[in-house]
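Below, each chain spelled out in residue letters.
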Amino acid sequence: QVQLVESGGGLVQPGGSLRLSCAASGSIFRIYAMGWYRQAPGKQRELVAATTSGGSTNYADSVKGRFTISRANAKNTVYLQMNSLKPEDTAVYYCNAAVGSTPYDEYDYWGQGTQVTVSS
């Protein structure tokens, strides 16, 4: 089993910044992709940003130029630096990881979610 533990959410004013962290632990042979999704009230969960084990990244159009995803492979940790936050960024942010516990498998895991609220 693999656990993803998120931290760093909170309340911030518009224009402010937050940094989310997500650490994976457990039976890990290799972590493939890691990413962040978010879900606002009444909306579907959407991809915010993702990164592969090779370092490729992709972002939702709505966050390009404001958010940066990074990864510390030695720590099995992924970060999301969020700058110039807007009220529409308010959501529960979820960490996601594709993890192999052996060389022959790969499973999808989710964190418990962390609330980000952007409000004055």
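Since the structure is predicted, the reported quantities are computational estimates derived from the model, not experimental observations. Throughout this description, residue numbers start from 1 for each chain and increase along the sequence as written. Selection of residues for local features in this predicted model requires a pLDDT of at least 70, selection of side-chain atom pairs for listing and counting requires 80 or more, and totals for whole chains, interfaces and linings are taken over all residues. By convention in this description, side-chain values take in all heavy atoms of the structure and omit both hydrogens and water.

### Quick word on the pattern of salt bridges
Think of a salt bridge as a Lys or Arg side-chain nitrogen and an Asp or Glu carboxyl oxygen that are within 4 Å of each other. Taken as a whole, this structure holds 4 salt bridges when the rule is applied. With a shortest N-O distance of 3.0 Å, R38 and D89 are connected by a salt bridge. Placement of the pair is R38 in strand β4 (residues 30-39) and D89 in the loop between β8 (77-82) and β9 (91-100), with a sequence separation of 51 residues. In terms of burial, R38 and D89 fall into one category: buried. Between D89 and R66 there is a salt bridge, with the nearest N and O atoms lying 2.7 Å from each other. Here D89 is found in the loop between β8 and β9, whereas its partner R66 is found in the loop between β6 (57-59) and β7 (67-72), with 23 residues between them in sequence. Across this residue pair, the class does not change: D89 and R66 are buried. Salt bridges sharing common partners tie together R38, E46, R66 and D89. Each helix is a run of DSSP H or I of at least 4 residues and each strand a run of E of at least 2, with the numbering of both proceeding from the N terminus. Exposure categories follow from relative accessible area, calculated using a 1.4 Å probe and restricted to protein chains: below 20% of the type maximum is buried, above 50% is exposed, and the middle band is partly exposed.

### Quick notes on the side chain of T77
The topology assignment puts T77 in strand β8. Of the residues examined, T77 reaches a relative accessible area of 8% and is grouped as buried. Here K75 takes part through its backbone oxygen, which lies 2.8 Å from a polar atom of the side chain of T77. Beyond its immediate stretch of four places on either side in the chain, T77 contacts C22, A23, M34, S70, R71 and A72. Two N or O atoms count as a polar contact when they lie within 3.5 Å, although within protein this holds only if one can serve as hydrogen donor and the other as acceptor, and sequence-adjacent residues are included solely when both atoms are side-chain atoms. Here, residues are in contact when the closest pair of their heavy atoms is within 4.5 Å.

### Topic: the nonpolar core
If you look at soluble globular proteins, the nonpolar side chains tend to sit buried side by side. Within this scheme, the nonpolar core is defined by two criteria: the residues are buried Ala, Val, Leu, Ile, Met, Phe, Trp, Tyr or Cys, and they are joined through side-chain atoms within 4.5 Å. Formed by 29 residues in total, the largest nonpolar core has its most connected members in L4, W36, V48, F67, L80, M82 and Y93. Counting only elements with at least two residues in this core, the list comes to β1 (2-7), β3 (18-26), β4, β5 (46-51), β7, β8, β9 and β11 (114-118). Broken down by element, the residue count for this core peaks at 5 residues, all from β9. With near-sequence residues (within four places) excluded, Y93 lies in contact with E6, L20, W36, Y37, R38, V48, F67, L80, M82, G113, T114 and V116.

### Quick notes on the environment of Y32
Tracing the backbone through its elements, the reader meets Y32 in strand β4. With near-sequence residues (within four places) excluded, Y32 lies in contact with T51, T52, S53, R71, A98, V99, G100, D105 and E106.

### A few points about the sheet that holds β7
Sheet strands line up and pair through hydrogen bonds in the backbone, either parallel or antiparallel. Note on pairing: DSSP must find at least two bridges between two strands before they are called paired. Pairing is antiparallel in the open sheet, where 4 strands are placed in the order β1-β3-β8-β7. The sheet terminates laterally at β1 and β7, the two strands that pair on one side only. Adjacent strand axes in the sheet meet at a mean angle of 15 degrees, parallel and antiparallel pairs treated alike. Each axis is a line fitted through C-alpha atoms, taken for helices only over the stretch in contact, and angles between the N-to-C directions span 0 to 180 degrees.

### A word on the pairing of β11
By the alternation rule, side chains of β11 split into T114, V116 and V118, which are all buried, and Q115 and T117, of which none is buried. Summarising the sheet, strand β2 (residues 10-12) and β11 pair through 3 bridges and their orientation is parallel. Directly across from L11, in β11, lies its bridge partner T117. Sheet topology places β9 next to β11; 3 bridges connect them, and they run antiparallel. Bridge pairing in β11 places A91 opposite V116.

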